[in-house]
Every structure is written in C-alpha cells, then in structure tokens.
Amino acid sequence: MAKRSKVEDNLKILQEFEDDSSDSEEDETIGEVVNITFEGFTAEEDDFHGIQRLLSQSFRGLQVNLSDLADLVIAQNYVGCVIKQVIDDEKEEMEVDEDALEGEPDVQSDSVFGLNTVFNITLKKNKKSDACLSSITSALMQRCEASDASQEIKQLFNKILEANAAEHVGLLINERLVNLPAQISLPAFRTLQSEMEEANKIQMPFDFKYFVLICKTYKISLLKEKKKNRKQQQNGIDSRKVKTKEVYSNAEEELFAQSACASFEYSVEDCQTLTAESWNDLEVGQRRERPYRKVLLLPAEELA
C-alpha cells in the first residue's frame, strides 16, 4: 500500500472540519444547487495575465518583476499547474459557437482561478531566471531583517537562502482566488509531488532540502471592553483590551505553518490595494482586518 503524504492527511482533516462547519449554514443553502468543476491544466501563454494576477497576491509588498515570473511559470510548465473551471457540456457548446471565428474552440474557462508550482531558487539556470528568482530571495531577506523575528531565525533564513548547491531550496507557490475552497489544493499538491518525483528521476533539480512558502494572512483586531472600576474612571484610563486573531487566506497553509521550522511576517497594509484580494483594509465597527504575509521555512520531509 502506498504511503499517504502528510499534506494529504492534513488536508483531509481540514476538509472534515470544513464539512462539519458547513452544517450550520445548511438552512441558507437549501434548494440552491451550484455545480462547479475545477481541474489542473498545464500553463500556457494565454494564461499569462491570470498567472500574473495571482502572483501579485503572494508577492505583494516585494519588489519582484511579476511579468518575468509569470513567464517562468509558463516556461516551466512541466511542473505545477494552473487551476481552471471546467465548462459543462451546454456551456461548452455555446463557447464553441462564440469562438468559431477565432479558430480553436475552448474546452476550459479562460480564467485562471489558482496556481500551484515550485521553483528552484538555489540552482543557477540562465540570466533571466537568475535575475527574477534572485530578486525574490533578496526581497525576502530584506523583509526578514526588518521583521520582529529573533536573531536566530534571521540567521537561519540567511543561511538557507544563500546559494548552496548541496541543499536546494524550493520556492513553493500556492495561490488561488480568495473564495475558492481549500479542498481544490489537495489534488494540486498531490500532482506537484508526483511531477517533482518524475523530474528527479531524469536528473532535473527538484530534490529539495527546504521549501519557502509565502502565506497570505490577516489579523483581526477586536476591542474588548473590560469592567471599569471607579479608580480607572477617575484616572481616565482606557480600559479597552485589544484582542488579535490571525487568519490564513488559504486555510491549508495554517497546517503547513505548524510544521515550519522557522517563519517571519511583515505587514502589507500600506501597499497598493489589489483587486484580487477582497479583505484588504476592512473596518467594520470595532473590527479591523490588517493584511500580512507570513514566510514559512518548511523541511522537505513535511511535504513528502
């Protein structure tokens, strides 16, 4: 019997949790039927803008050439996939009629809903990829040094991200539009693992010691009123207590965070707002959601 991966086990736990939590919303969805099928496809030139938009979510707040990175995703399309909606038979027939003048009929949606891939940020390949991937590692190290992480964590990231051919590091990209469920990430990760294994069999550089993953998170701050005693009132002391909760935009990445050997975070609240993110800078009453990025350093065996 094949050994199940930790990713698969963790995501099945997540799926069971989400299935249980959805029971409370059952009354609201009675009578409503929505059938949407997503599948992973090989990245192509036509996916460029969709890929670039998704990359802008992960790399918000970093000085990275997203156009070059999107080109690299397409050039390295033998590993990883883009996630698209599969059009049903009726809609597909309509698409064929509408696209007849353009030549080839569509068999899938034009929109890229998700992206799952990995890059070797240690091995030098060519000038274009070197410049693009090197800018990512440099930008991450700058953010790490400016973060509140301990000196020990900063030194570890600096050591791991330095060029060291003996211990390759993979930049893991796990992106999707914000409202898509975590369940679609399970087959994408399963396929990515399989493709890395196949690539390693033909001596391609996908045998990693560590993975780096940039997670979209946000912190919800709630002002909780405490009981005011007479002395506090007399002294004019604000007795409100700030409570903060961290939430992961991609829920499965919270499971990865539990397996990380190190991490740091940085705020992207002051960066340009992105249309692909629906939760930026939201204030409702005393609730405030502040966008962050958390960078995880994952030992490769945690994804094996």
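Structure shown above.
None of the values given here were measured: they were computed from a predicted structure.

**Description of the overall build of the protein**
- Each helix and strand in the protein was counted, giving 10 helices and nine strands.
- Per-residue burial over the protein gives 44% buried out of 304 residues.
- Partitioning the contacts of the protein with sequence separation of at least 6, the portion at a separation of at least 24 is 81%.
- When the accessible surface of the protein is split by element, carbon and sulfur atoms take 46% of a total near 17,500 Å².

**Brief notes about the packing of aromatic side chains**
- Enumeration over the complete set of coordinates arrives at seven aromatic pairs.
- Among the aromatic residues, those joined into a ring-pair cluster are Tyr78, Phe206, Phe208 and Phe211.

**A look at the nonpolar core**
- In this structure, Ile51, Leu55, Phe59, Leu69 and Phe157 are the most contacted members of the largest nonpolar core, which totals 50 residues.
- Here this core takes seven residues from helix H6 (residues 127-146), the largest share from any one element.
- Setting aside residues no more than four positions away along its own chain, Phe59 makes contact with Val64, Leu66, Leu69, Ile136, Leu171, Ile173 and Ile214.
- Counting 18 residues, the second largest nonpolar core, distinct from the first, contains Met196, Tyr248, Leu298 and Leu303.

The rules we used
- Residues numbered from 1 in each chain as written.
- Predicted model: local features only at pLDDT ≥ 70, side-chain atom pairs only at ≥ 80, totals over all residues.
- Heavy atoms only, no water.
- Helix = DSSP H or I, 4+ residues; strand = E, 2+ residues; numbered from the N terminus.
- Buried < 20%, exposed > 50% of the residue type's maximum accessible area, 1.4 Å probe, protein only.
- Contact = heavy atoms within 4.5 Å.
- Areas by Shrake-Rupley, 256 points an atom, 1.4 Å probe, with all protein chains shown as cover.
- Phe/Tyr/Trp six-rings, centres within 6.5 Å; stacked < 30°, edge-to-face > 60°.
- Core = buried A, V, L, I, M, F, W, Y, C linked by side-chain atoms within 4.5 Å.

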